[in-house]
Amino acid sequence: MAFFKWVSFFITMYLLMPKPISSIISLSPEELAQTPVNFLDLARKPEVFDWMVGIRRKLHENPELSFEEFETSKFIRAELDQMGIPYTYPIAVTGIVGYIGTGGPPFVAIRADMDALAVQELVEWEHKSKIPGKMHACGHDAHVAMLLGAAKMLQELRHKLLGTVVLLFQPAEEGWGGAKKMVDAGVLENVEAIFGLHVSPSYPIGTVASRPGPLTAGSGRFGAVISGKGGHAAIPQQSVDPIIAASNIIVSLQHLVSREADPLDSQVVTVTKFQGGGAFNVIPDSVSIGGTFRALSKESFAQLKQRIEEVITMQAGVQRCNATVTFNDNDKPF
Ligand SMILES: *[C@@H]1O[C@H](CO)[C@@H](O)[C@H](O)[C@H]1NC(C)=O
Ligand SMILES: [Zn+2]
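As the structure is a computational prediction, the values presented were derived from the model and not from experiment. (Residues numbered from 1 in each chain as written. Chains lettered and ligands numbered in written order. Predicted model: local features only at pLDDT ≥ 70, side-chain atom pairs only at ≥ 80, totals over all residues. Heavy atoms only, no water.)

A. Inspection of the overall build of the protein at higher detail. Broken down by element type, the protein carries eight helices and 11 strands. Summarising its shape, the C-alpha atoms of the protein cover approximately 85 × 40 × 35 Å along the three principal directions. Contacts spanning at least 24 positions in sequence make up 75% of the contacts within the protein whose residues lie at least 6 apart. For the protein, the exposed surface amounts to about 17800 Å²; the carbon and sulfur share of it is 60%. Separation between the mean location of the 29 positive side-chain charges and that of the 34 negative ones in the protein comes to 3 Å. (Helix = DSSP H or I, 4+ residues; strand = E, 2+ residues; numbered from the N terminus. Contact = heavy atoms within 4.5 Å. Areas by Shrake-Rupley, 256 points an atom, 1.4 Å probe, with all protein chains shown as cover. Lys, Arg positive; Asp, Glu negative; His and termini not counted. Charge placed at Lys NZ, Arg CZ, Asp CG, Glu CD.)

Below is the structure:
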């Protein structure tokens, strides 16, 4: 499950009108040409590399769930203090925003998430999670280490910066809307470009992969209660059976992507919940269903959402049932 979470829920990786690097860092053309090499050399130095590995392992041993990243946040702030990097805290409960450079525009942000998952680590190794039932199974321990590593290198070059690098340590990426809370707190005001990444087990170590356009889908949840009229299983004519209505709703929902979506515009609708009844001889009053929908554009997302609602309510009507549909408000885990 954890492997999929980063693919599906990471919606904050976008580039907004990136400026040429020469306009934000004061380097000669020769220095500029050497910059990637210099950064890589710097990153490989033990005082950076080993230090980053140490951070990753320490965080891996001490995972904290969404909006509970208090010790993680404290640890990050101690490292920023050590490097002399100023920051604002708290933002969105445990979030931190650091600043490197002139303090003025242009502002370019780099972002990492900090939270872990409610997953039991099963691998026995030296730096296994010390917290039962919690684990950095999504790699956010690595993300924090990488952002601190970038901060360390940029801080050494701070006098060459012609603007400000904004460091965003974000809570609650695992479906609790931490990114939205940070944005609502204004952390992206004046920011012209933002960079984020997610570790991936699909590529060889040392590979960086990207592509133009959207990379991961926006994700929403829906739930519905299908109401009928319960009764005895042997006298169906006196009942309005919500089980048959819900079954048809689920089948109809599965036609949305296959029959209405552009095959080149990937979308997903999955029903993951079907609850109702419990006896062998009783038709229940109601059934609740729920699931997730995903799309790569806002237009497709809105269209899918509208059609999910229509299909559920109208298909319920076919079997004389009523349905109420709810959509997630982004403040609960998916
Ligand atoms: C559905 O809603 C209508 C209007 O409120 C109501 O008259 C009807 O009894 C409801 N049907 C069921 C099966 O709950
Ligand atoms: Zn993740």
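From this point, the narrative continues.
B. Quick look at helix α8 (residues 298-318). The terminal C-alpha atoms of α8 lie 30 Å apart, and with 21 residues this matches the ideal 30 Å at 1.5 Å per residue to within 8%. By the burial criterion, the buried members of α8 are Ser300, Leu304, Ile308, Val311, Ile312, Gln315 and Ala316. For α8, the arc enclosing every buried residue in end-on projection is 115°, short of the 170-degree limit, so these residues lie on one face. Along α8, the residues that are exposed and aim more than 90 degrees away from the buried face are Lys298, Glu299 and Met314. Taken together, the buried residues of α8 touch β6 (218-227), α7 (242-260), β8 (267-276), β10 (286-295) and β11 (322-327). (Expected span 1.5 Å × (residues − 1). Buried < 20%, exposed > 50% of the residue type's maximum accessible area, 1.4 Å probe, protein only. Arc of directions from axis to C-beta.)

C. Spatial organisation of unusual backbone geometry. A cis amide bond, omega -10°, links Tyr89 with the succeeding residue Pro90. Position of Pro90 relative to the elements: it lies in strand β1 (residues 87-91). For the bond from Pro105 to Pro106, the omega torsion is -5°, close enough to zero to count as cis. Considering the arrangement of structural elements, one finds Pro106 in the loop between β2 (95-101) and β3 (107-113).

D. Region of interest: α7. Here α7 contains 19 residues, and its C-alpha end-to-end distance of 26 Å stays within 8% of the 27 Å for a straight helix at 1.5 Å per residue. As for α7, its buried residues are in contact with β6, β8, β9 (282-283), β10 and α8. Taking the backbone nitrogen of Ile243 as reference, a side-chain oxygen 2.8 Å away marks Asp241 as the first, capping residue of α7. (Polar contact = N/O pair within 3.5 Å; in protein donor to acceptor, adjacent residues only side chain to side chain.)

E. Here's a closer look at the side chain of Gln267. Inspection of the secondary structure puts Gln267 in strand β8. For Gln267, a relative accessible area of 15% corresponds to the buried category. Beyond its immediate sequence surroundings of up to four residues, Gln267 is in contact with Val257, Ala261, Arg294, Ala295, Ser300 and Leu304.

F. Representation of the site of ligand 1 within the structure. Every residue close to ligand 1 is listed here: Ser227, Gly228, Arg320 and Asn322. Within the contact set of ligand 1, an oxygen atom lies 2.2 Å away from a side-chain nitrogen or oxygen of Asn322. Coverage of ligand 1 by the protein amounts to 35% of the 360 Å² it exposes when considered alone. Class assignment of the residues belonging to the shell around ligand 1 gives a composition of no nonpolar, three polar and one charged. (Near = heavy atom within 4 Å. Nonpolar A, V, L, I, M, F, W, Y, C, P; charged D, E, K, R; others polar.)

G. Looking closely at the coordination of the zinc ion (ligand 2). Protein-derived coordination of the zinc ion (ligand 2) comes from Cys138 (SG), His140 (NE2) and His198 (NE2), at a distance range of 2.0 to 2.3 Å. On the primary sequence, the residues serving as donors to the zinc ion (ligand 2) are separated as C-x1-H-x57-H. Taken together, the residues Cys138 in the loop between β3 and α5 (140-156) and His198 in the loop between β5 (191-196) and β6 connect sequence positions 60 residues apart. A relative accessible area of 5% means that Cys138 is categorised as buried. (Donors = N, O, S within 2.8 Å, 3.2 Å for Na, K, Ca; no water.)

H. Here's a closer look at the UniProt feature "binding site: Mn(2+)" (unreviewed entry) in the protein. What UniProt calls "binding site: Mn(2+)" (unreviewed entry) maps, in this numbering, to Cys138, His140, Glu174 and His198. What stands out for the annotated residues spanning 61 residues is how close their C-alpha atoms remain, the widest pair being 12.7 Å apart. Its location among the elements puts Glu174 in the loop between β4 (164-170) and α6 (178-184). (UniProt positions renumbered as here; feature names shortened; annotations may be inferred.)

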